[in-house]
Amino acid sequence: MRILVIHGPNLNMLDKRDKSVYGEKTLPEIDSLLKKQGQALNVEVVTFQSNHEGALIDFIQEQTPSTRGIVINPGALTHYGLSLRDALVDSKLPIIEVHLSNIYRREEWRARSVIAPIAKGQISGLGWKGYVAALQALAGELKADASP
Ligand code: DQA
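Cut-offs used in this document
Residues numbered from 1 in each chain as written. Predicted model: local features only at pLDDT ≥ 70, side-chain atom pairs only at ≥ 80, totals over all residues. Heavy atoms only, no water. Helix = DSSP H or I, 4+ residues; strand = E, 2+ residues; numbered from the N terminus. Buried < 20%, exposed > 50% of the residue type's maximum accessible area, 1.4 Å probe, protein only. Contact = heavy atoms within 4.5 Å. Arc of directions from axis to C-beta. Expected span 1.5 Å × (residues − 1). Pairing = 2+ DSSP bridges. Near = heavy atom within 4 Å. Polar contact = N/O pair within 3.5 Å; in protein donor to acceptor, adjacent residues only side chain to side chain. Areas by Shrake-Rupley, 256 points an atom, 1.4 Å probe, with all protein chains shown as cover. Salt bridge = Lys/Arg side-chain N within 4 Å of Asp/Glu carboxyl O.

### Concerning the side chain of Ser91
Relative to the helices and strands, Ser91 resides in helix H4 (residues 82–91). Accessibility expressed as a relative area gives 8% for Ser91, which makes it buried. Among all residues touching Ser91, those that are not within four sequence positions of it are Ile60, Thr64 and Ile70.

So, in structure tokens, the structure goes:
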């Protein structure tokens, strides 16, 4: 079973962004943790990052036929990425939205997510552990659905 972990704009720069907001781990470190967690859960974790909404959409469209679910941190596209939202809806896959920071404790404009209404759930403010929790929850749900 394959699950995509997708990161949006600027998340490739975690080592250069404000560590008090986004934490200490780099994106390659987070991805490698998630791949290891995937092995433990018997799930193939495929990670992808892009700074371009169209590239994220292309990736989702290409991968959808061989994928069971998506964990996504859309970065700032969270707040206005309607094409990304449409691609996620069209995939018909279960989505969990993740944010490293707590988007409800920051600027007012960050508190609106156009992705949340189409997501199964959202984890915000737990740092890299939010991705781990999301992957575990999604894998657990998909396995439960598959059992007789
Ligand atoms: C973010 C929150 C967004 O508002 C911001 O634009 C990001 C990262 C987070 O993980 O906390 O780039 O998605």
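### A short note on helix H3 (residues 53–63)
What H3 keeps buried is the set Leu56, Ile57, Phe59, Ile60 and Gln63. Looking straight down H3, one finds that the buried residues subtend no more than 160 degrees of arc, so they occupy a single side. The exposed residues of H3 that point more than 90 degrees off its buried face are Gln61 and Glu62. Contacts from the buried residues of H3 go to strand E1 (2–7), strand E2 (44–49), strand E3 (69–73) and H4.

### Let's talk about helix H5 (residues 129–146)
The α-helix winds at 3.6 residues per turn, so residues separated by three or four positions along the chain end up facing the same way. Taking 1.5 Å as the rise per residue, H5 with 18 residues should run 26 Å; its terminal C-alpha atoms sit 26 Å apart, in good agreement. Every buried residue of H5 is listed here: Gly130, Tyr131, Ala134, Leu135, Leu138, Ala139 and Leu142. Along the long axis of H5, the arc covered by the buried residues comes to 155 degrees, so they all point the same way. Next to the buried residues of H5 lie E1, helix H2 (27–41), E2, E3, strand E4 (95–99) and strand E5 (121–124).

### Observations regarding the pairing of E3
The buried fraction of E3 amounts to five of the five residues, a majority that puts the element mostly inside the structure. Across the two faces of E3 the burial is the same, with Gly69, Val71 and Asn73 and Ile70 and Ile72 all buried. Strand direction decides the pairing type here: E1 and E3, joined by five bridges, are parallel. In the strand pairing of E3, Ile3 is matched with Gly69.

### A short note on the site of the ligand
Taken together, Arg17, Tyr22, Asn73, Gly75, Ala76, His79, His99, Leu100, Ser101, Ile103 and Arg110 form the complete shell of residues around the ligand. Between the ligand and the protein, one listed contact pairs an oxygen atom with a side-chain N or O atom of Asn73 at 2.7 Å. Between an oxygen atom of the ligand and a main-chain N or O atom of Leu100, the distance comes to 2.8 Å. Here the ligand, which alone exposes 320 Å², has 98% of that area covered by the protein.

### Some details on the environment of Leu11
With respect to the secondary-structure elements, Leu11 resides in the loop between E1 and helix H1 (19–22). Taking the C-alpha atoms as reference, Leu11 lies 8.9 Å from Pro74; in sequence the two are 63 residues apart. Sequence-distant contacts of Leu11, defined by excluding residues within four places in its chain, comprise Arg17, Leu27, Gln49, Asn73, Gly75, Leu100 and Tyr131.

### Some remarks on the pattern of salt bridges
A complete count under the given rule lists five salt bridges for this structure. The shortest N-O distance in the salt bridge between Arg106 and Glu107 comes to 4.0 Å. For Arg106, a relative accessible area of 26% corresponds to the partly exposed category. On the accessibility criterion, Glu107 (36% relative accessible area) is partly exposed. Where Arg110 meets Glu107, a salt bridge forms, and the shortest distance between an N and an O atom there is 2.7 Å. Classification of Arg110 by relative accessible area gives buried; the value is 14%. Salt bridges linked by common partners bring Arg106, Glu107 and Arg110 together as one network.

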